[in-house]
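Structural features, examined
Listed here are the chains, written in short residue letters.
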Amino acid sequence: MAVITVTINDELVSGRTGQSLLELVRERGIDLPTLCHLDGLEERGGCRLCMVEVGATNRLAAACVTPAQEGMVIYTHSERLVRYRRMILELLFAERNHVCAVCVMNGRCELQREAYTIGMDHVRYDYLTPDLPMDASHERFVIDHNRCILCTRCVRVCDSVEGAHTWDVMGRGVNCRVITDLHQPWGSSRSCTSCGKCVQVCPTGALHAKGSSVAEMVKHHDFLQWILDGREKKQWATRNGDPVEGGR
Amino acid sequence: MTQSKSENPKKTAGGKKGQGSTQKVRLATVWLGGCSGCHMSFLDLDERLIDLAAAVDLVYSPIADVKTFPEDVDVVLVEGAVANVDHLELAEQLRERSKIVVSFGDCAVTGNVTSLRNKIPVDDLLTKVYHEGPGAVPRGGETDKVVPALIPRVLPLHQVIPVDAFIPGCPPDPERIWTAVSALLAGEPVVLEDRMRKFG
Ligand code: SF4
Ligand code: SF4
Ligand code: SF4
Ligand code: FES
């Protein structure tokens, strides 16, 4: 891995080839908002919250799927970027039915957090209020399409970490929907192992444990790095916080 | 999709009014389609209400016995979404008669719980709740002229009239309300820190 030099917000920083702009930016302690990205999952580049301005022309690029390259000049928080990010968040709120006051993830939701962090205090677009279903046929979990932002974290974790590939995406544009087993009720799915990984990585209240009420749902992501470290590096345990090879 | 009318205007309340000068800020609070929780939270300002009372004249409010929305209001806090024809009328009236209109709480800001009915056509909704719901079926099938007719879709306030400031929250906690209200009384724009902008 060669060392490269990139200019971030007028400051020269060094990185390594093979790094994404997002990794490099976050290494510098700069807080770039993301929704579809989750450490440990392959990137999707779908939400566009992480976009940065690149080069003299200020071309927009999603930092999570753009490799850092020698000599790049990027800006992470220009007035234009903040304006666009706020528009993206407002559009996400307008597209489905987000009523935080009665949502299982109220107070812990990543969408909600990104919204107030960026300064969104109201939505300037007309709410579409689509008529969307919930599927509560699974014995332990529920999918509420009203809260889904189509980040596909569930699709990716189920496929690449659990290996079940229960989830997929159907439809186009505003009619997009995540589906289980080619659009069968989740409860009748024969591929789902009920591991719950999709529920844990979902950034919003869309996937939640059955029986959870307003603001009750708590999600954990740390299992992901654990599993991946075990699988890829054969690190199965930690001692005093440090990884232990082979788990001894 | 259309952009709403409000584009973050930087208006301020009656300048130095209430700050040593004899004229107090004319404050109104309005209750549209909400549960009154925002007003309850307002009352939770507790002893700060005493400071507030010294700085304002409460010229219209569900907690004051005033029948019509007065002229020359400096600041009006509006709780609730616009859900029926009376709300529409009052919203337009209060806009005309006030300098600063504040969307007060999630129902005013987003439609929130009040707007959960938007997926259901109004007729079906009334049938479901009043004709097929529990208890005696109301007499007659004709429209009741006393109860204001519901509008087809519940709207956030800023989609009906231009709004100058937003206080999210269901309800907004007293700290948010105090931060916003003290800024307005001081003639400054409302700036809430990030946690104070959280919906829900
Ligand atoms: S998913 Fe998040 S943003 Fe949507 S209603 Fe729930 S808490 Fe609010
Ligand atoms: S519970 Fe596990 S197997 Fe089932 S859909 Fe979710 S991630 Fe896939
Ligand atoms: S269900 Fe959750 S994880 Fe899956 S796409 Fe929707 S928001 Fe993302
Ligand atoms: S985090 Fe990069 S596009 Fe979603």
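Quick caveat: nothing in here was measured; it's all calculated off a predicted structure.

With respect to the overall build of chain B
From N to C terminus, chain B includes 6 helices and 7 strands. Mapped in sequence order, the helices and strands of chain B form the string β-α-α-β-β-β-α-β-α-α-β-β-α. Within chain B, buried positions represent 48% of all 200 residues. The contacts of chain B with a sequence gap of at least 6 include a subset with a gap of at least 24, amounting to 80%. Carbon and sulfur atoms form 56% of the exposed surface of chain B, whose accessible area is close to 10100 Å².

What to know about the interface of chain A and chain B
Facing 29 residues of chain A, the contacting portion of chain B comprises 26 residues. A buried area of about 2400 Å², summed over both sides, lies between chain A and chain B, and 57% of it is on carbon and sulfur atoms. If you look at where chain A meets chain B, you find 0 salt bridges. Counting residues per element, the ones that place at least two in the side of chain A that touches chain B are α2 (79-95) and α3 (110-118) of chain A. A total of 4 residues in the side of chain A that touches chain B trace back to one element, the largest contributor, which is α3 of chain A. Here the residues of the side of chain A that touches chain B sort into 16 nonpolar, 9 polar and 4 charged.

Here's the deal with the pairing of strand β9 (residues 177-180) of chain A
All names here are of chain A. What you see with β9 is no split at all: Arg177 and Ile179 on one side and Val178 and Thr180 on the other are buried throughout. In terms of strand pairing, strand β8 (residues 167-170) meets β9 through 4 bridges, oriented antiparallel. In the strand pairing of β9, Trp167 is matched with Thr180. Between β8 and β9, which pair antiparallel and follow one another directly, the connecting turn spans 6 residues, one of which, Gly171, has a positive phi of 80°.

Brief notes about the site of ligand 3
Around ligand 3 sit 14 residues in total, of which Cys148, Cys151, Thr152, Cys154 and Cys202 of chain A are the nearest. A per-class count over the shell around ligand 3 returns 11 nonpolar, 2 polar and 1 charged.

Some points on the site of ligand 2
All names here are of chain A. By nearness alone, 14 residues border ligand 2, and Cys158, Cys192, Cys195, Gly196 and Cys198 come closest of all. Every element with two or more residues in the shell around ligand 2 is listed here: α4 (153-162) and α5 (197-201). Grouping the amino acids of the shell around ligand 2 by side-chain chemistry returns 8 nonpolar, 4 polar and 2 charged.

Here we look at the confidence of the model for chain B
Interpretation of this model should avoid reading the predicted coordinates in detail wherever pLDDT is low. Residues and elements named next belong to chain B. When pLDDT is averaged along chain B, the result is 89; 86% of the residues meet or exceed 70. Note on residues 15-20: pLDDT under 50 across the span, and 14 contacts to partners over four residues away in sequence or across chains. The ipTM, which scores confidence in the relative placement of chains, is 0.91 for this predicted complex, and the corresponding pTM is 0.91.

A look at the nonpolar core
Within the largest apolar cluster, 72 residues are counted, with the highest numbers of intra-cluster contacts made by Trp167 and Leu207 of chain A together with Val30, Phe69, Val76, Leu94 and Leu157 of chain B. It is α2 of chain A that contributes the most residues to this core, 6 residues altogether. Here this core gathers at least three residues from each of two domains, domain 1 (3-77) and domain 2 (84-158 + 165-217) of chain A. With residues near it in sequence (within four places) discarded, Leu207 of chain A still touches Val142, Ile143, Cys154, Trp167, Trp186, Cys198, Val199, Cys202 and Lys219 of chain A.

A word on a negative patch on the surface
A cluster of acidic residues, Glu23, Asp39, Glu42, Glu43 and Asp159 of chain A, forms a negative patch on the protein surface. Look at Glu23 of chain A and you get partly exposed, because its relative accessible area is 41%.

A few points about the pattern of salt bridges
Residues and elements named next belong to chain A. By the definition in use, this model includes 17 salt bridges over all chains. As a salt-bridge pair, Glu11 and Arg28 come within 3.5 Å of each other at their nearest N and O atoms. In this pair, Glu11 is assigned in strand β2 (residues 11-16) and Arg28 in the loop between α1 (21-27) and β3 (51-54), connecting sequence segments 17 residues apart. Of the residues examined, Glu11 reaches a relative accessible area of 44% and is grouped as partly exposed. What emerges from the salt-bridge pattern is a single network uniting Arg86, Glu90, Asp121 and Arg124.

Side note on the packing of helix α2 (residues 48-55) of chain B against helix α6 (residues 174-185) of chain B
Residues and elements named next belong to chain B. Where α2 contacts α6, the two axes come as close as 12 Å, and the packing angle between them is 20°. Classed by the angle they form, the pair α2 and α6 counts as roughly parallel. Between α2 and α6 lies a crossing of left-handed hand. Here Arg48, Asp51, Leu52 and Ala55 of α2 come into contact with α6, specifically with Pro174, Glu175, Trp178, Val181 and Leu185.

Digging into the environment of Ser137 of chain A
Residues and elements named next belong to chain A. Tracing the sequence through the fold places Ser137 in the loop between β6 (134-135) and β7 (141-144). Separated by 65 residues in sequence, Ser137 and Cys202 place their C-alpha atoms 18 Å apart. With residues near it in sequence (within four places) discarded, Ser137 still touches Pro185, Trp186 and Gly187. Within the structure, the side chain of Ser137 is placed 3.3 Å from the backbone nitrogen of Trp186, a separation counted as a polar contact.

Cut-offs and rules
- Residue positions are given per chain, counting from 1 as you read along its sequence in written order.
- Whichever chain is written first is A, and whichever ligand is written first is 1; the rest continue in order.
- Residue-level local features of this predicted model are given only where pLDDT is at least 70; pairs of side-chain atoms are given and counted only at 80 or more, and the full residue set underlies all totals for whole chains, interfaces and linings.
- Side-chain figures throughout are based on the complete set of non-hydrogen atoms in the structure, without hydrogens or water.
- Here a strand is any run of E in DSSP of at least two residues, a helix any run of H or I of at least four, and the numbering for each starts at the N terminus.
- Buried means the residue's accessible area, taken with a 1.4 Å probe over protein chains only, is under 20% of the maximum for its type, while exposed means over 50%, and partly exposed covers the values in between.
- For this analysis, residues touch if any pair of their heavy atoms sits within 4.5 Å.
- Each accessible area is a Shrake-Rupley result for a 1.4 Å probe, and residues are judged covered by the shown protein chains and nothing else.
- Summed over both partners, the accessible area lost on bringing two parts together, with a 1.4 Å probe, is the buried area.
- Each salt bridge in this description consists of a side-chain nitrogen of Lys or Arg and a carboxyl oxygen of Asp or Glu lying within 4 Å of one another.
- Asp, Glu, Lys and Arg are counted as charged, while Ala, Val, Leu, Ile, Met, Phe, Trp, Tyr, Cys and Pro are counted as nonpolar; the rest, among them Gly, fall into the polar class.
- At least two bridges found by DSSP between two strands is the condition for calling them paired.
- Note on terminology: near, applied to a residue and a molecule or strand, indicates that one of the residue's heavy atoms is within 4 Å of it.
- Per-residue confidence from the predictor is reported as pLDDT, a score between 0 and 100.
- Each nonpolar core is a collection of buried residues, namely Ala, Val, Leu, Ile, Met, Phe, Trp, Tyr and Cys, held together in the definition by side-chain atoms within 4.5 Å.
- Where each domain begins and ends is defined by an automated method or by a domain database.
- Here a patch means residues that are over 30% exposed by relative accessible area and free of salt bridges, tied together within 9 Å if like-charged and within 5 Å if nonpolar (Val, Leu, Ile, Met, Phe, Trp, Tyr).
- For the purpose of counting charges, residues Lys and Arg are taken to be positive, whereas Asp and Glu are taken to be negative. His and the chain ends are not included.
- Where a charge lies is defined by one atom per residue type: Lys uses NZ, Arg uses CZ, Asp uses CG and Glu uses CD.
- Axes, fitted as lines to C-alpha atoms, cover a helix only where it is in contact. Angles between the N-to-C directions of the axes lie from 0 to 180 degrees.
- When describing relative orientation, an angle under 35 degrees is termed roughly parallel and one over 145 degrees roughly antiparallel, while 65 to 115 degrees is termed roughly perpendicular and anything else oblique.
- Note on convention: near helix rotated counterclockwise from far helix by under a right angle means a left-handed crossing. Clockwise means right-handed.
- Any pair of N or O atoms that falls within 3.5 Å is considered a polar contact. Within protein, one atom must be able to donate a hydrogen and the other to accept it, and sequence-neighbouring residues count only if both atoms are side-chain atoms.

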